[in-house]
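Spelled out from the first residue to the last, the chains are:
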Amino acid sequence: MEMMEWVKIETLYNSEKQALQTANIVATTESRLANQQRGPQYKVETRIDQIDNKWQVSWRKVFIGNKTGCGGGCESCSDDDPPIPKKHMAKVIPFRKPL
C-alpha cells in the first residue's frame, strides 16, 4: 500500500473531544474528495497527538487500490426487468355549485 506523508492541521484544540470531532470531519471530507466512482481508492487515516495540554490532528491518505467495473455507459448488459409503464396524469373535472 502506498502511503502519503502525515499532514498536520495547524490548529491546536483544547480538548481531546474537539480534536476527535475534527479528525472525523477531515476523514470524511478527504475520503469523499480523494475517491472516485471508478479509479484510485484511498483510506484516510487520522491521529491526534497531545502537545503541551493541547491536541493536534494529523491525517494521511493510504492508497488501497483501483476500483473497476461497469460504468453503465455501453449498455451491453441485458435488462431482464420490463420497463415500468409511465403513469398518465389524471384530468381534474371541476364541479359546479348547484343554483
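Everything quoted here is computed from the prediction, not taken from an experiment. (Residues numbered from 1 in each chain as written. Predicted model: local features only at pLDDT ≥ 70, side-chain atom pairs only at ≥ 80, totals over all residues. Heavy atoms only, no water.)

1. Quick notes on the pattern of salt bridges
Then comes step 1: For the structure on display, the rule yields three salt bridges.
Then comes step 2: For D49, the salt bridge identified is with R47, shortest N-O distance 3.4 Å.
Then comes step 3: On the basis of relative accessible area, R47 is assigned to the partly exposed category, the value being 32%. (Salt bridge = Lys/Arg side-chain N within 4 Å of Asp/Glu carboxyl O. Buried < 20%, exposed > 50% of the residue type's maximum accessible area, 1.4 Å probe, protein only.)

2. Remarks on the sheet that holds strand 1 (residues 7-13)
Whenever strands of a sheet pair, they do so through backbone hydrogen bonds, lying parallel or antiparallel.
Then comes step 1: With respect to topology, three strands assemble into an open sheet ordered 1-3-2, the strand pairing being antiparallel. Of all strands in the sheet, those bounded by a partner on one side alone are strand 1 and strand 2 (39-51). Taken pair by pair, the neighbouring strands of this sheet meet at an average axis angle of 25 degrees, ignoring direction.
Then comes step 2: With four bridges joining them, strand 1 and strand 3 (residues 54-67) adopt antiparallel strand pairing. Its bridge partner being in strand 3, L12 is matched across the sheet by Q56. (Pairing = 2+ DSSP bridges. Helix = DSSP H or I, 4+ residues; strand = E, 2+ residues; numbered from the N terminus. Axes fitted to C-alpha atoms, helices over the stretch in contact; angles between N-to-C directions.)

3. Things to note about the packing of aromatic side chains
Then comes step 1: If you walk through the whole model with that rule in mind, you get one aromatic pair.
Then comes step 2: Ring geometry for Y42 against F63: centres 5.6 Å apart, planes inclined by 65 degrees, an arrangement best described as edge-to-face. Placement of Y42 in strand 2 and of F63 in strand 3 is noted, with a sequence separation of 21 residues between them.
Then comes step 3: A cation over an aromatic ring shows up here: K61 above the ring of Y42, its NZ or CZ 5.0 Å from the ring centre. (Phe/Tyr/Trp six-rings, centres within 6.5 Å; stacked < 30°, edge-to-face > 60°. Lys NZ or Arg CZ within 6 Å of the ring centre and 35° of its normal.)

4. Considerations on the nonpolar core
Within soluble globular proteins, side chains that are nonpolar tend to cluster in buried spots.
Then comes step 1: I9, Y13, A19, A23, V26, A27, V44, W55, V57 and W59 together form the largest nonpolar core, which totals ten residues.
Then comes step 2: Within the residue set of this core, elements represented by two or more residues are strand 1, helix 1 (16-34) and strand 3.
Then comes step 3: Counting residues per element, this core draws most heavily on helix 1, at four residues.
Then comes step 4: Non-local contacts of W59, meaning those with residues more than four positions away in its chain, are made with E5, W6, V7, I9, V26, E30, V44, E45 and T46. (Core = buried A, V, L, I, M, F, W, Y, C linked by side-chain atoms within 4.5 Å. Contact = heavy atoms within 4.5 Å.)

Taken by themselves, the reported measurements are silent on function.
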